[in-house]
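Here is what each chain is made of, one letter per residue.
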Amino acid sequence: MLFKPTIAAIGTAIAICAAALPAQANTYSIDPTHTSVHFEVPHFGTSTSRGRFDRKEGTVTFDRAAKAGKVEITIETASVDTGTDAFDQNLRGKDFLNADQYPTAKFIGDRFVFKGDKVDEVTGTLTLLGKTQPVTLKATNFNCYLNPLLRREVCGGDFSATISRSQWGIDWGLKFGFADEVRLLVQVEAVRQ
């Protein structure tokens with residue numbers, strides 16, 4: 001007796017093959033108008049010095065079904081902006097960011113942790129001043145939505161981490177009582193390509 005495939009058998013075979021295929025990751029480009037990198041540093045325990053980096057770019061590869069992804073964000077260190085020109089010049093100099101010698105900083109995150117269907121944290125490395133150290137960005141908000149103007153999916157969220165700047169060799173002022181801890185606040189939105 002010859003086997004006669006039925007529609008149900010064909011459908012089952014297609015479903016089994018589809019389930020065996022690797023999950024599909026999508027690529028997203030960082031939207032610089034909805035992405036920001038801010039920092040906060042305690043100033044002698046009295047107030048908080050704040051600033052941001054105005055120029056950044058990057059990509060995100062994201063697969064919600066596989067709960068995996070990779071993010072790469074490059075920041076121009078000379079774009080640091082605290083709202084005070086003299087402070088900005090100091091931060092661009094050799095005691096801090098050394099922007100002439102190291103014009104970029106780069107975060108590469110390749111370990112995504114999910115809580116349900118939302119990204120909860122992204123762990124990777126931050127390269128600054130030629131040194132690479134581990135950093136985990138914790139999500140305080142994450143969402144994907146269909147942007148009605150772009151007619152494309154946009155994913156993003158708010159993330160934060162506290163780092164010790166001395167890990168990258170930025171130790172100026174520590175002996176005077178300036179804080180080693182720097183809080184990073186990262187807002188990211190990326191558009192599916």
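Because the structure is a prediction, the values reported are computed rather than measured.

*Asks:* Please clarify how the overall build of the chain should be interpreted in this entry.
*Replies:* Looking only at helices and strands, the chain features two helices and 11 strands. A fraction of 55% describes how many contacts in the chain between residues 6 or more apart in sequence connect residues 24 or more apart.

*Asks:* Looking at this structure, how should I read the side chain of Asp 63?
*Replies:* Relative to the helices and strands, Asp 63 resides in strand β4 (residues 56–63). At 3.4 Å, the side chain of Asp 63 forms a polar contact with the backbone nitrogen of Gln 24.

*Asks:* Is there a simple way to think about empty space enclosed by the protein in this case?
*Replies:* To locate leftover empty space, one rolls a probe as large as a water molecule over the atoms. Within this structure, the stated rule accounts for one cavity of 30 Å³ or more. Roughly 200 Å³ of volume is contained in the largest cavity. Together, 18 residues line the largest cavity, and Val 60, Val 71, Phe 112, Phe 159 and Val 188 are the ones closest to its centre. If you list the elements that add at least two residues to the lining of the largest cavity, you get β4, β5 (68–76), β7 (104–115), β8 (118–128), β9 (131–147), β10 (152–164) and β11 (181–192). It is β10 that provides the largest number of residues to the lining of the largest cavity, a total of four residues.

*Asks:* Explain the nonpolar core to me, please; I cannot follow it from the model alone.
*Replies:* In terms of nonpolar packing, the biggest core is built from 41 residues, with Phe 39, Phe 62, Val 119, Val 135 and Phe 159 touching the most fellow members. For Val 135, the contacting residues outside a window of four places in its chain are Phe 107, Val 122, Thr 123, Gly 124, Thr 125, Leu 126, Ala 161, Ile 163 and Trp 168.

*Asks:* Would you take a moment to explain the environment of Asp 120 for this structure?
*Replies:* One can find Asp 120 in strand β8. By relative accessible area, Asp 120 is classed as buried at 14%. Expressed as a C-alpha distance, the spacing of Asp 120 and Thr 140, which sit 20 residues apart in the sequence, is 7.6 Å. Every residue in contact with Asp 120, bar those within four places of it in the chain, is listed here: Val 113, Phe 114, Lys 115, Leu 137, Lys 138 and Ala 139.

*Asks:* Mind showing me how you'd approach the packing of aromatic side chains here?
*Replies:* Two descriptors summarise a pair of aromatic rings, namely the distance from one centre to the other and the angle between the planes of the rings. Applying the stated criterion to the full structure yields nine aromatic pairs. With a centroid separation of 4.8 Å and 45 degrees between ring planes, the pair formed by Phe 44 and Phe 178 is classed as tilted. Residue Phe 44 is located in the loop between β2 (36–43) and β3 (47–53), and its partner Phe 178 is located in the loop between β10 and β11; the two are separated by 134 residues in the primary sequence. For Phe 44, a relative accessible area of 45% gives the class partly exposed. Of the residues examined, Phe 178 reaches a relative accessible area of 24% and is grouped as partly exposed. These aromatic residues form a ring-pair network of at least three members: Tyr 28, Phe 62, Phe 112, Phe 114 and Phe 142.

*Asks:* Looking at this model, I keep getting lost on unusual backbone geometry. Mind explaining?
*Replies:* As a rule of thumb, non-glycine residues mostly have phi less than zero, and peptide bonds are mostly trans rather than cis. A positive phi angle, close to 50 degrees, is found at Lys 67, a residue other than glycine. Within the secondary structure, Lys 67 is located in the loop between β4 and β5. Take Lys 67: its relative accessible area is 41%, and that puts it in the partly exposed class. Positive phi, normally seen in glycine, also occurs at Leu 129, with a value near 55 degrees. Here Leu 129 lies in the loop between β8 and β9.

*Asks:* Honestly, the pairing of strand β1 (residues 26–30) in this entry has me stumped. Any pointers?
*Replies:* In the case of a regular strand, side chains alternate between the two sheet surfaces. Going residue by residue along β1, you find Asn 26, Tyr 28 and Ile 30 tucked away on one face and Thr 27 and Ser 29 left uncovered on the opposite face. Relative to β11, β1 is paired through three bridges, and the arrangement is antiparallel. Bridge pairing links Ser 29 to Val 191 in β11.

*Asks:* What should I look at first to understand the confidence of the model for the chain in this one?
*Replies:* A low pLDDT means the predicted coordinates there should not be read in detail. Chain-level statistics for the chain give a pLDDT mean of 90 and a share of 88% at 70 or above. This model gives residues 5–22 a pLDDT under 50, and the stretch forms one contact once residues within four places in sequence are excluded.

*Asks:* Just checking my understanding: could you explain the pattern of salt bridges for this structure?
*Replies:* One side chain can pair with another of opposite charge once the charged atoms of both are near each other. Scanning the model with the defined rule gives 10 salt bridges in all. Across the pair Glu 153 and Arg 64 runs a salt bridge, and its minimum N-O distance is 2.3 Å. Placement of the pair is Glu 153 in strand β10 and Arg 64 in the loop between β4 and β5, with a sequence separation of 89 residues. Taking relative accessible area as the criterion, Glu 153 reaches 15% and is therefore assigned buried. Where Lys 70 meets Glu 72, a salt bridge forms, and the shortest distance between an N and an O atom there is 3.5 Å. Exposure remark for Lys 70: the relative accessible area of 37% places this residue in the partly exposed category. In this structure, a network of salt bridges that share partners links the residues Glu 40, Arg 50 and Arg 183.

Cut-offs and rules
- Residues numbered from 1 in each chain as written.
- Predicted model: local features only at pLDDT ≥ 70, side-chain atom pairs only at ≥ 80, totals over all residues.
- Heavy atoms only, no water.
- Helix = DSSP H or I, 4+ residues; strand = E, 2+ residues; numbered from the N terminus.
- Contact = heavy atoms within 4.5 Å.
- Polar contact = N/O pair within 3.5 Å; in protein donor to acceptor, adjacent residues only side chain to side chain.
- 1 Å grid on protein atoms, 1.4 Å probe; cavity = no way out; pocket = protein on both sides within 12 Å on 5 of 7 lines; lining within 4 Å.
- Points joined across faces, edges and corners; volume = space filled by probe spheres on them.
- Core = buried A, V, L, I, M, F, W, Y, C linked by side-chain atoms within 4.5 Å.
- Buried < 20%, exposed > 50% of the residue type's maximum accessible area, 1.4 Å probe, protein only.
- Phe/Tyr/Trp six-rings, centres within 6.5 Å; stacked < 30°, edge-to-face > 60°.
- Pairing = 2+ DSSP bridges.
- pLDDT = per-residue confidence, 0-100.
- Salt bridge = Lys/Arg side-chain N within 4 Å of Asp/Glu carboxyl O.

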